[in-house]
Amino acid sequence: MDFNVKKLASDAGVFFSRAMQFTEEKLGQAEKTELDAHFENLLARADCTKNWTEKILRQTEVLLQPNPSARVEEFLYEKLDRKVPSRVTNGELLAQYMTEAANDFGPGTPYGKTLIKVGDTQRRLGAAERDFIHSASINFLTPLRNFLEGDWRTISKERRILQNRRLDLDACKARLKKAKAAEAKAAAVPDFQETRPRNYVLSASASAAEHELRLTQTEFDRQAEVTRLLLEGISSTHVNHLRCLHEFVESQTNYYAQCYQYMLDLQKQLGRFSGTFVGNAESTSPPPAATSPPAVAAATLPAVPTIPVVPTIVGVPNTVAESVLNPNEVKPPASGTRKARVLYDYEAADSTELALLADEMITVYSLPGMDPDWLIGERGNQKGKVPVTYLELLS
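Residues numbered from 1 in each chain as written. Predicted model: local features only at pLDDT ≥ 70, side-chain atom pairs only at ≥ 80, totals over all residues. Heavy atoms only, no water.

> Would you take a moment to explain helix 4 (residues 90-105) for this structure?
For an α-helix the count is 3.6 residues per turn, leaving residues at separations of three or four pointing the same way. The terminal C-alpha atoms of helix 4 lie 22 Å apart, and with 16 residues this matches the ideal 22 Å at 1.5 Å per residue to within 8%. Along helix 4, the residues that are buried comprise Gly-91, Glu-92, Ala-95, Met-98 and Ala-102. One face of helix 4 carries all of its buried residues, which in axial projection span an arc of 120 degrees. Along helix 4, exposed side chains directed more than 90 degrees from the buried face belong to Asn-90 and Asp-104. The first or second residue beyond helix 4 is Gly-106, which carries a positive phi of 110 degrees. (Helix = DSSP H or I, 4+ residues; strand = E, 2+ residues; numbered from the N terminus. Expected span 1.5 Å × (residues − 1). Buried < 20%, exposed > 50% of the residue type's maximum accessible area, 1.4 Å probe, protein only. Arc of directions from axis to C-beta.)

See the structure below:
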């Protein structure tokens, strides 16, 4: 083994000198070279960026994977540089259970058919969640990790070097100050013959301290410039993280839009499932006890067999046999009409409904006894029922 005693002794001396200088600064017994205000602001901004990036990263990981055990497992695989095994989402697992239950109960029974439909939607929700997690990990989490494990480590390393250079500089300043003080004190002593060698030694010591100070000052200035350039790069880091944040929001928006559309489709399927299932086309809440038997409702409204509440129309008897909405007979109330903006395209199921196009403006109002999930919509001479969930009501 190559064991260099001189280098070891030199490193130990430097370490001891820095430790002593740092301790004296903390005790207020030594002066400290202060950095300029701009540099201090850069340091504070870098520390703030690092701290908040860590918090945002950790909480985003919790959002994407709430299970702490799964997060620990993924962390270990990442550190071992191994591929994380594929894991089914909760929605996909629920879909599997529902499908298996439907096969046991009988896929031809009403409950079995409903389990299959709901399970298929849960599977699609789980697949959408998987895509969202994958997209968010690549476009958002990975850049944050790269900053903390790459750029920030480099900045931290250069800051430690700068701190050591500053301690060396202040130690040199302290030694030069002591040499100057000793030289001045010796100069005040009467010039006897025995004092001349000592004055010569003190002068040489002061000169050596000045030379060492110039070297350490140069090294400190060079390191300060390197560190300053790295700290100023935090601005470009913010720009990069801003772009990644926009991509994360876009992925999350697409994910929730998919989930919303899947659930709307499922509600429509369940609402028009069969004559043995009672429920609104846009609502699965149980009907009141006074609702007419499903078979009668199905005979009256073949396209919408599950209307649980029959709207009362002026001049039209409130009976199941005569409850079909005729847009030509509907008259808007004297007050209570509102404007609404259509959020999504809607295809009318029959002549009683009004087809909608996204972003168009229509007039809407409600009638006494009408299902709260529906409104009457008007567009010019066209009238019909429209689902509330597809509208943004305006004042």
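> Mind showing me how you'd approach unusual backbone geometry here?
Backbone geometry follows two general trends: most residues other than glycine have a negative phi, and most peptide bonds adopt the trans configuration. Notably, Asp-359 is not glycine yet its phi reads approximately 75 degrees, a positive angle. Positionally, Asp-359 belongs in the loop between strand 1 (338-342) and strand 2 (361-365).

> Explanation requested: the confidence of the model for the protein chain in the structure shown.
Caution applies to low-pLDDT parts of the model: their predicted coordinates are not meant to be read in detail. Per-chain confidence: the protein chain averages 78 in pLDDT, with 72% of residues scoring 70 or above. The lowest-confidence element of the protein chain is helix 8 (residues 294-300), averaging 35 in pLDDT; the highest-confidence one is helix 2 (residues 37-64), averaging 94. Low confidence marks residues 273-324, where pLDDT is under 50. Its contacts with residues over four positions away, or in another chain, come to 81 contacts. (pLDDT = per-residue confidence, 0-100. Contact = heavy atoms within 4.5 Å.)

> Would you take a moment to explain the sheet that holds strand 5 (residues 391-393) for this structure?
The strands that make up a sheet are held in pairs by hydrogen bonds between backbone atoms, and each pair lies either parallel or antiparallel. Read across the open sheet, the five strands follow the order 4-3-2-1-5; overall the sheet is antiparallel. At either margin of the open sheet sits one strand with a lone partner, and together these are strand 4 (382-387) and strand 5. Averaged over all neighbouring strand pairs, the angle between strand axes comes to 40 degrees, with direction disregarded. Pairing of strand 1 with strand 5 involves three bridges; the strand directions are antiparallel. Note that in strand 5 the partner of Arg-341 across the bridge is Glu-392. (Pairing = 2+ DSSP bridges. Axes fitted to C-alpha atoms, helices over the stretch in contact; angles between N-to-C directions.)

> Could you clarify how one ought to interpret the pairing of strand 3 (residues 374-379) in this entry?
Regular strands place their side chains on alternate faces of the sheet. Among the six residues of strand 3, five are classified as buried, and the element is accordingly described as predominantly covered. Where strand 2 lies against strand 3, three bridges are found, and the strand directions are antiparallel. Bridge pairing in strand 3 links Thr-363 to Glu-378. Across six bridges, strand 3 lies against strand 4 in antiparallel orientation. Within the sheet, the bridge partner assigned to Leu-375 lies in strand 4 and is Val-386. Here strand 3 folds back onto strand 4, and the loop between the two strands holds two residues, one of which, Gly-380, carries a positive phi near 65 degrees.

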